[in-house]
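Descriptive analysis of the structure
Spelled out, the chains give:
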Number of protein chains: 2
Amino acid sequence: MNTFISTGQPAARPRVLIIGCGFGGLAATRALAGAPVDITVIDRSNHHLFQPLLYQVATAGLSAPSIAAPIRHMLRGQRNVTVLMVEVCGIDRQQGRVQLSDGQSLGYDYLIVAAGATHSYFGRDEWAAHAPGLKTLQDAFALRARVLKAFEQAESSPDPAQQRACLSFVVIGAGPTGVEMAGTLAEIARHTLKNEFRRIDPASARVLLLEGSPRVLQALPPELSAKAEAQLRALGVEVRTGCRVVGIDAGGVEVQTGEGAVAATERIAARTVVWAAGVAASPLGRMLDVPLDRAGRVVVDGRLNIPGHPEVFVIGDLAATQSRQSDGRTLKPVPGVSPAAKQMGAYAAAQILQSLHPLQAPQAQVLPPLPADAPGAFRYRDYGALATIGRKAAVADLGFLQFSGYFAWLFWLFVHIYFLIGFRNRLVVLMDWAWAYWSFQRYARVVAEPVDPAPSASPSIKP
Amino acid sequence: MNTFISTGQPAARPRVLIIGCGFGGLAATRALAGAPVDITVIDRSNHHLFQPLLYQVATAGLSAPSIAAPIRHMLRGQRNVTVLMVEVCGIDRQQGRVQLSDGQSLGYDYLIVAAGATHSYFGRDEWAAHAPGLKTLQDAFALRARVLKAFEQAESSPDPAQQRACLSFVVIGAGPTGVEMAGTLAEIARHTLKNEFRRIDPASARVLLLEGSPRVLQALPPELSAKAEAQLRALGVEVRTGCRVVGIDAGGVEVQTGEGAVAATERIAARTVVWAAGVAASPLGRMLDVPLDRAGRVVVDGRLNIPGHPEVFVIGDLAATQSRQSDGRTLKPVPGVSPAAKQMGAYAAAQILQSLHPLQAPQAQVLPPLPADAPGAFRYRDYGALATIGRKAAVADLGFLQFSGYFAWLFWLFVHIYFLIGFRNRLVVLMDWAWAYWSFQRYARVVAEPVDPAPSASPSIKP
């Protein structure tokens, strides 16, 4: 039985349904503050996550609450918003209705789908068990446990080969997340764990960063890629570009280098493998039953609408669209980054506000698709790219200015603190970083789960 | 195959094996700093946990790393200690050897068993699934998720009966943990969640504290129990003493009040039930194959030894022993509290140090059991009891002085900050509390797991 949830408001106010409260969904919700609409925000998590710092939770530098805030707390002052922690299991765009996992359904006049992205293993889903990715807090906790337990197992294992495998960390994919993970893992091995082990030397750990393309941080100019690679090597990371992963199992990674006659396959024994290579759009996009691109993203027009539905917007990592460049003419795909998601959210909200004046039933509008290069189409403003590599090392590309090293790191720090959610979180994260900077320590080195059950435990002996 | 782990030191130094790094194990390890022994500390967790504040993690007031520190980090400066994160699966006290879950075994000359306690459901283990207890970080996270999700489900549910059940919280057992949990839950409902919901009023939540005995905080004098109960009621907690729980299931709790002819059974519908009633010793005690008391604790003599084994000590919550009172004559059972565990740890370490001078093979000693009232037997120094009830309310019993209210709360705060592990944690917890105090907010309101899979989800609809 599907029960219709009354919003408890006069039906005259248009109902805006926002699926997902990441950067895009949150920006759209906030842009509709004070508007004469009834907004329902749906998310399957109870928190908005500051994903750019998720790798810090995975590497024990920050605690989860520092980068995650309860959605309903962030939106408590916005009286036209109802927040529901539920999952969407179907979208009926003809009826204007969304089916929820608890058996209820919700009607809408406007729909903004901002469900984000997940990992993609390029069709090799069996790799997921051995090479976890990093998109949610659960992922971060699982990865933190893996990394810390690998050092623990190396200390307790009597077998040198197993010790070496425990002390080998492979990061696949040298985008910003992969570079940050690899740099931080090297820092943990060289500095954080110093003097804490008796049978192993954590500094002897290998950290490998594997990348299929010819350079790290592809999105940045080649000079910055080179600088980032040099900084990674200085930290002790083995960087391997142009190297294709062809297999992952519980024991390690199989890589192929070269092509054709010079192709060679190598096996790297490693207990901990991190997947930072592929991103795919949320499976929620399929529920819209419209054309998707190769990465599963929903193809939207210049107004961020799906074909024939001016009341349905898809934004953020889930949307595939193009944007005019600063020259005003050439089109370039909008990248899957948080500034783009925020800008799309604000744009979709503005479109909704516009259609409210004069008040008209949105379904009655018959708008042709808006080309991405038409006036009024969504335009992504690119303020540049930033990636940190480790302590005191980062690269920055602001378009008009490129720089790297200590100053870039300070800049990265400032930007991330600035965009963090909430005054309190900013202060806490700043304190945690100051602490980490001076003490070389990472304070969140806590694994909630106890030791893994032994696969081959001997029966217990008793006197 | 059992591999013997070499400690990498000349065999002449006696090997001390410490199982469990709670308050007792940690105190024993630290008391042996600098001693000519090789210590191995075994724990199945990677962290020492400050259990008195665990309820703050469960109620989203603190993040886990604030009250948990990596054991090997705490002990990194003590060069005679090796830390292993493994589980014990057998103890052979004749051979002086401990079997580990990873198939290895460890020999010892001295053994300190400090494995602590777990929940006891008084033989009703089926209650565990519906009424989780609070002993580990995992427990705290699970409880935090339950509490926060209950409010979420109340907001999204269209059924008033279900909403009421979601907004009913039952805490079973009015010891310090139960009182702290109930007080904090009431505070969350009345203050923290204010203005954050649109369809429910979180302040309408019921918090029930059930206790079988006639008063709360049994360990304190009756006047303080009465004050604590009054403070709980002022916070909005329904306190029910003399009420026996006879059933717990997914829908709530069944309680019996009165005896014989006036006995009555009542059902309380509640989605969230917290178990703070029963404590049982760790099952590890059984591996020693010696007499246990009714709660599963190992009965030790005045030297904290098991019968016939002066080289084996059992300390902390796992040990059952008595101690002379301040009058020096009457014996009283040593309570299962952290000061007792610390004192036992220091005592066991002192016994080991004593037996090293003159150097003698400890197994060769033939010592008769030491009565608990003999000179030199372990003596528990009781510095008093403290319990907090919520914001600005607590009760304190220092023996010579009893007080309650705001000043007791400040005292509680000071004591807990003082005994917290590590300078950094003290500072962070103090900051978190200052924040909570002024803002009424609890910053760790994060649930890592997304929404529960719906038990009866309709098949997804698609256009």
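This structure is a prediction, so every number in the text was calculated from the model and none was measured. (Residues numbered from 1 in each chain as written. Chains lettered and ligands numbered in written order. Predicted model: local features only at pLDDT ≥ 70, side-chain atom pairs only at ≥ 80, totals over all residues. Heavy atoms only, no water.)

Focus on the overall build of chain A
Looking only at helices and strands, one finds eleven helices and 27 strands in chain A. For a compact globule of 463 residues, the expected C-alpha radius of gyration is about 23 Å, and chain A comes in at 24 Å, within 12% of that figure. In terms of its C-alpha atoms, chain A occupies a principal-axis envelope of roughly 75 × 65 × 50 Å. Considering chain A as a whole, with its 463 residues, one finds that 57% of them fall into the buried category. In chain A, the share of contacts with a sequence separation of at least 24, taken over all contacts with a separation of at least 6, comes to 65%. Put simply, chain A shows about 18,800 Å² of open surface, and 57% of that area lies on carbon and sulfur atoms. Looking at chain A, you have 44 positive and 36 negative side-chain charges, and the mean spots of the two groups are 5 Å apart. (Helix = DSSP H or I, 4+ residues; strand = E, 2+ residues; numbered from the N terminus. Rg over C-alpha atoms; globule rule 2.2 N^0.38 Å. Buried < 20%, exposed > 50% of the residue type's maximum accessible area, 1.4 Å probe, protein only. Contact = heavy atoms within 4.5 Å. Areas by Shrake-Rupley, 256 points an atom, 1.4 Å probe, with all protein chains shown as cover. Lys, Arg positive; Asp, Glu negative; His and termini not counted. Charge placed at Lys NZ, Arg CZ, Asp CG, Glu CD.)

Looking at the UniProt feature "domain: FAD/NAD(P)-binding" (unreviewed entry) in chain A
Cross-referencing UniProt, the feature "domain: FAD/NAD(P)-binding" (unreviewed entry) maps to residues 15-335 of chain A in the present numbering. Strand forms 31% of residues 15-335 of chain A and helix 25%; the C-alpha atoms that close the span are 30 Å apart. (UniProt positions renumbered as here; feature names shortened; annotations may be inferred.)

What about the packing of aromatic side chains?
By the definition in use, this model includes 27 aromatic pairs over all chains. Taken together, a centroid distance of 5.2 Å and an interplanar angle of 85° make the contact between Tyr418 of chain B and Phe419 of chain B edge-to-face. Assessed through its relative accessible area of 51%, Tyr418 of chain B is described here as exposed. Take Phe419 of chain B: its relative accessible area is 44%, and that puts it in the partly exposed class. Each member of the aromatic cluster is reached from another via a ring pair, and the members are Tyr121, Phe122, Trp127 and Trp275 of chain A. (Phe/Tyr/Trp six-rings, centres within 6.5 Å; stacked < 30°, edge-to-face > 60°.)

Looking at the relation of the copies chain A and chain B
Of the two same-sequence chains, chain A is brought onto chain B (RMSD 0.0 Å, axial shift 0.0 Å) by a rotation of 180°. Within this description, the copies of the chain are treated as partners about a two-fold rotation axis. Minimal C-alpha separation from the rotation axis in chain A is found for Ser63 of chain A, amounting to 3.3 Å. Comparing contact sets, 100% of the residues at the interface of chain A also lie at the interface in chain B, consistent with an isologous, same-surface contact. (Least-squares fit on C-alpha atoms with pLDDT ≥ 70 in both.)

Quick notes on the environment of Gln162 of chain A
All names here are of chain A. Inspection of the secondary structure puts Gln162 in helix α6 (residues 160-166). Here Gln162 falls in the partly exposed class, since its relative accessible area comes to 33%. Considering only alpha carbons, one finds Gln162 and Ala349, 187 residues apart in sequence, at a separation of 55 Å. Apart from residues no more than four positions distant in its own chain, Gln162 is found in contact with Gln153 and Ser157. Engagement of the side chain of Gln162 in a polar contact is seen with the side chain of Ser157, the distance being 2.9 Å. (Polar contact = N/O pair within 3.5 Å; in protein donor to acceptor, adjacent residues only side chain to side chain.)

Some points on the sheet that holds strand β26 (residues 393-397) of chain A
Residue and element names in this part refer to chain A. As summarised here, the arrangement of the three strands in space is β25-β26-β27, forming an open sheet in which the pairing is antiparallel. Bordering the open sheet on either side are β25 (385-390) and β27 (402-404), each of which pairs with just one other strand. Averaged over all neighbouring strand pairs, the angle between strand axes comes to 5°, with direction disregarded. As paired elements, β26 and β27 share three bridges and run antiparallel to each other. The residue bridging Asp397 from the neighbouring strand is Gln402, located in β27. The sheet contacts of helix α8 (residues 222-234) involve β25, β26 and β27, and relative to β26 the element is tilted by about 175°. Relative to β25, helix α10 (residues 406-419) is tilted by about 110°, and along the sheet it contacts β25, β26 and β27. (Pairing = 2+ DSSP bridges. Axes fitted to C-alpha atoms, helices over the stretch in contact; angles between N-to-C directions.)

Things to note about the interface of chain A and chain B
If you look at the interface, chain A gives 78 residues, while chain B gives 78 residues. A buried area of about 7,100 Å², summed over both sides, lies between chain A and chain B, and 60% of it is on carbon and sulfur atoms. At the junction of chain A and chain B, the tally comes to two salt bridges. Between Arg72 of chain B and Glu152 of chain A there is a salt bridge, with its nearest N and O atoms 2.7 Å apart. At the junction of chain A and chain B, the tally comes to 20 residue pairs in polar contact (both at pLDDT 80 or more). Listed by contribution, the elements that provide at least two residues to the side of chain A that touches chain B are α3 (64-67), β4 (68-70), α4 (71-74), β5 (81-85), β6 (88-92), α5 (137-156) and α11 (423-439) of chain A. The element contributing the most residues to the side of chain A that touches chain B is α5 of chain A, with eight residues. When the residues that make up the side of chain A that touches chain B are grouped by side-chain class, the tally is 34 nonpolar, 24 polar and 20 charged. (Buried area = accessible area lost by both parts, 1.4 Å probe. Salt bridge = Lys/Arg side-chain N within 4 Å of Asp/Glu carboxyl O. Nonpolar A, V, L, I, M, F, W, Y, C, P; charged D, E, K, R; others polar.)

Things to note about the state of the cysteines
Using the criterion set out here, one finds zero disulfides over all chains in the structure. In this structure Cys166 of chain A is a free cysteine whose sulfur lies 19 Å from that of Cys89 of chain B, the closest cysteine sulfur available. (Disulfide = S-S within 2.5 Å.)

Examining the domain arrangement of chain A
Quite often, the size of an interface is put as the accessible area lost when its parts meet. Residue and element names in this part refer to chain A. The assigned domain composition of chain A is domain 1 (15-119 + 280-364) and domain 2 (126-276). Distance between the C-alpha centres of domain 1 and domain 2: 33 Å. Between domain 1 and domain 2, the residue contacts involve 18 residues of the former and 15 residues of the latter. In terms of surface lost to domain 2, no three residues of domain 1 exceed Tyr55, Ala58 and His119, which account for 40% of the buried area on that side. Applying the counting rule to domain 1 against domain 2 returns four residue pairs in polar contact (both at pLDDT 80 or more). At the level of elements, β3 (47-49), α2 (54-58) and β10 (117-119) are the ones that each hand at least two residues to the side of domain 1 that touches domain 2. Broken down by element, the side of domain 1 that touches domain 2 gets its largest block of residues, four residues, from α2. (Domains from an automatic or database assignment.)

Quick word on the UniProt feature "transmembrane region" (unreviewed entry) in chain A
Annotation from UniProt places "transmembrane region" (unreviewed entry) at residues 400-421 of chain A. For residues 400-421 of chain A, the helix share is 64%, the strand share is 14%, and the end-to-end C-alpha distance is 28 Å.

Things to note about a nonpolar patch on the surface
Taken together, the side chains of Tyr406, Phe407 and Leu410 of chain A make up a nonpolar region of the molecular surface, amounting to roughly 320 Å² of accessible area. Structurally, Leu410 of chain A is set in helix α10. (Patch = residues over 30% accessible without salt bridge, like charges linked within 9 Å, V, L, I, M, F, W, Y side chains within 5 Å.)

With respect to α5 of chain A
Taking 1.5 Å per residue as the helical rise, α5 of chain A with its 20 residues ought to reach 28 Å, and the 28 Å between its terminal C-alpha atoms agrees with that figure. Judged by how many residues are buried, α5 of chain A sits mostly within the fold: 15 of 20 residues are covered. (Expected span 1.5 Å × (residues − 1).)

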